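# Report on the structure
Here are the chains, one letter per residue:
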Amino acid sequence: MRFLVVRAHPLDATISRSMQLADAFLDAFTDSHPDADIQDLRLYDVAVPEIDVDLLTGWRALRGGTAFSQLSESQQNKITLFNTHTQNFLDADVVVIANPLWNLSIPTRLKAWIDTVVVAGKTFRYSETGQPEGLAHGKRVVHLQSSGGHFNAQDPASQYIDTILGFLGCKVTTLTAEGIDHEPDRAEEIMADAVERARQLAASL
């Protein structure tokens, strides 16, 4: 089994609650799947190309017949990195995305990564009638998210992850630790419960 963990927080588990969930999930998964091939991707420690002028003009040039070697160095580097993220996603059987809820949305670095995996012809396609069809059927996605308020996983970030990866054909399971700032006196209890649920989910895969 190939397992990809996508961490979308610049801080580690000593401070970040979403990273605490990621660590708990990964520890339990490793215990139950000791032979799994695990890639732990920390988005704030690696380059994640945004779709910018280099990518747009580079892709256009390639579609027009320009050889890859004739692209600028910046275009080549960004396209290669973009394709690497796409392929790592395609190779994974299970993908775990862990992030905080920031301003009712996901971190911008995570949005940039998602753009590298939503690729026409690789992770989805359009049918002869123009209808989109996901090409990542059978891939399991677990979304771990922490938030200060209570949203019952109906916040824009959770809904976006569920919608965009469901669009690719993935089966998405969302697990949240919510209300930590709304109920600071229950913060430890809320996190302990979420960590236990994360461990149980990991062991069940």
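Residues numbered from 1 in each chain as written. Predicted model: local features only at pLDDT ≥ 70, side-chain atom pairs only at ≥ 80, totals over all residues. Heavy atoms only, no water.

## Quick word on the UniProt feature "binding site: FMN" (unreviewed entry) in the protein
In the numbering used here, UniProt assigns the feature "binding site: FMN" (unreviewed entry) to Ser16, Arg17, Ser18, Ser146, Ser147, Gly148 and Gly149. Looking only at the residues we just named, the second largest pocket is lined by Ser16, Arg17, Ser18, Ser146, Ser147 and Gly148. Following the sequence through the fold, Arg17 ends up in helix 1 (residues 17–32). With relative accessibility at 33%, the residue Arg17 sits in the partly exposed group. Those residues in contact with Arg17, other than ones at most four positions away along the chain, are Ser146, Ile180, Asp181 and Met191. Leaving out residues up to four positions away in the same chain, Gly149 has contacts with Glu178, Gly179 and His182. (UniProt positions renumbered as here; feature names shortened; annotations may be inferred. 1 Å grid on protein atoms, 1.4 Å probe; cavity = no way out; pocket = protein on both sides within 12 Å on 5 of 7 lines; lining within 4 Å. Helix = DSSP H or I, 4+ residues; strand = E, 2+ residues; numbered from the N terminus. Buried < 20%, exposed > 50% of the residue type's maximum accessible area, 1.4 Å probe, protein only. Contact = heavy atoms within 4.5 Å.)

## Re the layout of surface pockets
Of the volumes computed, that of the largest pocket is approximately 200 Å³. Along the walls of the largest pocket sit Ile51, Trp59, Arg63, Phe82, Asn83, Thr86, Asp115, Val118, Val119, Ala120 and Lys122, which together make up its complete lining. Per element, the largest residue contribution to the lining of the largest pocket is 3 residues, and it comes from helix 3 (residues 73–91). Around the second largest pocket sit 13 residues that line it, and Arg17, Pro100, Trp102, Ser146 and Asp181 are the ones nearest its centre. Grouping the constituent residues of the lining of the second largest pocket by class yields 5 nonpolar, 6 polar and 2 charged. (Points joined across faces, edges and corners; volume = space filled by probe spheres on them. Nonpolar A, V, L, I, M, F, W, Y, C, P; charged D, E, K, R; others polar.)

## Concerning the UniProt feature "domain: Flavodoxin-like fold" (unreviewed entry) in the protein
In the numbering used here, UniProt assigns the "domain: Flavodoxin-like fold" (unreviewed entry) feature to residues 1–200. Across residues 1–200, helical content stands at 41% and strand content at 20%; the span's end C-alpha atoms are separated by 18 Å.

## Concerning the side chain of Gln145
As for its position among the elements, Gln145 is in strand 6 (residues 140–146). Within the structure, the side chain of Gln145 is placed 3.2 Å from the side chain of Ser158, a separation counted as a polar contact. Discounting chain neighbours no more than four positions away, the residues touching Gln145 are Leu21, Asn99, Pro100, Leu101, Asp155, Ala157, Ser158, Leu175, Thr176 and Ala177. (Polar contact = N/O pair within 3.5 Å; in protein donor to acceptor, adjacent residues only side chain to side chain.)

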